[in-house]
Every structure is written in structure tokens, then in C-alpha cells.
Amino acid sequence: MTHDLPALCRQIRRDILSMTHAAGSGHPGGSLSAVEILVSLYFGQMRLDPARPDDPNRDRFLLSKGHAAPLLYSVLARRGYFDPALLPTLRQLGSPLQGHPHMAKLPGLDCSSGSLGQGLSIANGLALAARRTGRTYRTYCLLGDGELQEGQVWEAAMTAAHFALDTVCAIVDDNGVQLDGPTCEVMNVAPLADKFRAFGWQVLSVDGHSLDALAEAFRQAAATRGRPTVLLARTVKGKGVSFMEGQPAWHGKAPNDQELAAALAELAEGGTL
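How each quantity is defined
Residues numbered from 1 in each chain as written. Predicted model: local features only at pLDDT ≥ 70, side-chain atom pairs only at ≥ 80, totals over all residues. Heavy atoms only, no water. UniProt positions renumbered as here; feature names shortened; annotations may be inferred. 1 Å grid on protein atoms, 1.4 Å probe; cavity = no way out; pocket = protein on both sides within 12 Å on 5 of 7 lines; lining within 4 Å. Points joined across faces, edges and corners; volume = space filled by probe spheres on them. Nonpolar A, V, L, I, M, F, W, Y, C, P; charged D, E, K, R; others polar. Core = buried A, V, L, I, M, F, W, Y, C linked by side-chain atoms within 4.5 Å. Buried < 20%, exposed > 50% of the residue type's maximum accessible area, 1.4 Å probe, protein only. Contact = heavy atoms within 4.5 Å. Helix = DSSP H or I, 4+ residues; strand = E, 2+ residues; numbered from the N terminus.

- Within an unreviewed UniProt entry, the label attached to the protein chain reads Transketolase, and the organism entered is Evtepia gabavorous.
- UniProt's Cofactor (unreviewed entry) comment on the protein chain is quoted here verbatim: "thiamine diphosphate".
- Note on the protein chain: under the UniProt heading Sequence similarities (unreviewed entry), the record states "Belongs to the transketolase family."

Re the layout of surface pockets
Link 1 in the chain: Within this model, the largest pocket holds a volume of roughly 200 Å³.
Link 2 in the chain: Residue lining of the largest pocket: 16 residues in total, with His67, Gly146, Glu147, Gln178 and His251 positioned closest to the centre.
Link 3 in the chain: Tallied by class, the residues present in the lining of the largest pocket amount to 4 nonpolar, 7 polar and 5 charged.

Some points on the nonpolar core
Link 1 in the chain: Among the nonpolar cores identified, the biggest contains 53 residues, and Tyr42, Phe61, Ile171 and Leu231 are the most heavily contacted of them.
Link 2 in the chain: Not counting chain neighbours up to four residues away, the residues in contact with Tyr42 comprise Leu48, Phe61, Leu72, Val75, Leu76, Arg79 and Gly108.
Link 3 in the chain: Formed by 28 residues, the second largest nonpolar core is a distinct cluster that contains Leu143, Ala156, Trp201 and Val203.

Considering the environment of Cys9
Link 1 in the chain: Turning to its location among the elements, Cys9 is positioned in helix α1 (residues 5–23).
Link 2 in the chain: A sequence separation of 247 residues divides Cys9 from Asn256, and the C-alpha atoms of the two residues are 22 Å apart.

What follows is the structure, given as C-alpha cells:
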């Protein structure tokens, strides 16, 4: 199966904008910043089969920054887990596409998420379970940079290194912006590379919008033995929509009719990011 990945990224960005517009709420900024990360995983790196979402040997993915659910829903739909016609029901009463992922409601989800700081701990548990049962699946966990202000993340980082969980790959969506403003002003988490190295992790710094760079980083992570890997993915909040890029206001704000039209025009077929 081959895919035009840049075109797919544009489609997923259009999905995110249309979904949040239809819902009148949601989190477009941090969804748009991580598009290439999830496309690289679901359409390249991860071992999975949408026809067998419960395959015990599948690779696992955990959206620790659960508010980026529109991104994950679009990726799952475009990968074949469910009909994309369901996407406009985001956050509607009775829809399986709730504001944060609920694994009992939708195929392809490996955990429910929402409360920040918990995903890496769950990733560790899945990796330890694989070790005990002799399975070889890898576990990927996407975190936000603001999320790293949660102490549980660092407890989990210490645990992963202590148990040499080399099947764990964390990805930090390092877009520098959270709900209340620049991350460095709200609660500075830098220097991230030094901190993760001090905790015993392999650290790979990568352009989070380069599909080629991400693919190579994921290959390096998969080849590493004896310690977990973290990808520090440099990204832009609201990537692909000029008036959203780098703006804290678009962390949790849906576009209105005029903003949606302008954003979709920027993402028109053949456009550039």
C-alpha cells in the first residue's frame, strides 16, 4: 500500500479544522502541530492492521495529550479503522468521537486519555506486559511539551529507563505553546534533551514536520537496545494555517465560518505548508 503522505497530511489538517468547526469546540492548535508525527507512525512505522484492531501483536499508540483527539480520529479514519463520514460528529451526543478518546467506543484505540501526564506510565505497563508474554510489539506515546510539567511524566521516564524498556518510544510535540501562553513562560521545561538523557533515555531531536526525518528517527529508535527513546519533535502550534501558527488562542478554540474558509483555502489541494 502506497500513500501520498504530504497530500494525506493536508487532508488530515482539513479534517481537524472541519471537525472542530462543526463541533463548535475542540483543540485545533495542538492537533495541527502533530499531523506529520502520526502520519509517519500510522502510514509507515507502526505494525498494524485496521481489519484486526485487536491483534495482540500490533504496535501500540497512546495519545497522552488526549485533547488532540481530532488528529487521532482523522488518522484512524483515513487509515481504515472506520468510515471518515463519521468525522463531522466530533463531540456530538452519542458519537464515539468524544472530546477525548474512549477506547471502548472506537476501534484502533489502545487506551482512553484526557488527564495529562498519564500516557507514558501506561506505555511502560504495555511494554512490561509484552516482555512478560514474549511479544515483540513496540509502544509509542505522544506527549505535549506543556504536559511535561506534570510530575508523573518524570516518574514514568525514570521507570522506563530503570527497566530498560527499549520498546518504548516517546514523542514530545515540542511546539512551545500551551493554553495560557508560551511554555517557557508558563512553566519552563527546558532543557528537555539534557533532562531525558539524565534519566537514561536515548534522545533524538527531529524536525516534527519532516516526514523523512521522522521516518529515520523512528528507525533509529526501533534499532536501539537497552534503553527507551524519546523523539523531541520541533513543531509549530497550528501548523499549516498562518493565522493559527504559534498562537495560544488556538489551543482550544474552534474556527468560525469565515476562519474555516480562510484556513481551508490555505490547505487547498497542491498547497504548501
